[in-house]
Amino acid sequence: MPEFDWRSPDSFKSLENAEITHIAWEGLRMNVDYQRDYEAMIANSPDGEVTDEFRRRWGICFRP
């Protein structure tokens, strides 16, 4: 596994052309509080739908 040096500009070259939404999603996806909230929401949702409250809390917008 390659070592990641967060201090090196070369470590971030792959992000130069990344979409901001993809970067934001990765940050959110790794957030422990988000993971906990998501698991709780899915466990309490009979149809597995994401609730409006969850979307507002985490600032998530889903396009149709």
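What counts, and where the lines are drawn
- Residues numbered from 1 in each chain as written.
- Predicted model: local features only at pLDDT ≥ 70, side-chain atom pairs only at ≥ 80, totals over all residues.
- Heavy atoms only, no water.
- Helix = DSSP H or I, 4+ residues; strand = E, 2+ residues; numbered from the N terminus.
- Rg over C-alpha atoms; globule rule 2.2 N^0.38 Å.
- Areas by Shrake-Rupley, 256 points an atom, 1.4 Å probe, with all protein chains shown as cover.
- Lys, Arg positive; Asp, Glu negative; His and termini not counted.
- Charge placed at Lys NZ, Arg CZ, Asp CG, Glu CD.
- pLDDT = per-residue confidence, 0-100.
- Expected span 1.5 Å × (residues − 1).
- Polar contact = N/O pair within 3.5 Å; in protein donor to acceptor, adjacent residues only side chain to side chain.

**A word on the overall build of the protein**
Part 1 of the argument: If you tally the helices and strands in the protein, you get 3 helices and 0 strands.
Part 2 of the argument: Shown N-terminal to C-terminal, the secondary structure of the protein runs as helices and strands in the order α-α-α.
Part 3 of the argument: Compactness check: the protein gives a C-alpha radius of gyration of 16 Å against a globular reference of 11 Å for 64 residues, more than 25% above the reference.
Part 4 of the argument: Taken as a whole, the protein presents about 6,000 Å² of accessible surface, with 54% of it coming from carbon and sulfur.
Part 5 of the argument: On the protein, the mean spot of the 8 positive side-chain charges and the mean spot of the 13 negative ones are 3 Å from each other.

**Brief notes about the confidence of the model for the protein**
Part 1 of the argument: Confidence in the prediction of the protein, expressed as mean pLDDT, is 83, and 91% of residues score 70 or more.
Part 2 of the argument: Per-element mean pLDDT across the protein ranges from 85 in helix H1 (residues 20-29) up to 93 in helix H2 (residues 32-43).

**Quick word on H2**
Part 1 of the argument: Under the 1.5 Å per step criterion, the end-to-end length of H2 is 17 Å for 12 residues, consistent within 8% with the ideal 16 Å.
Part 2 of the argument: For H2, the N-terminal cap is Asn31; the gap from its side-chain oxygen to the backbone nitrogen of Asp33 is 2.8 Å.

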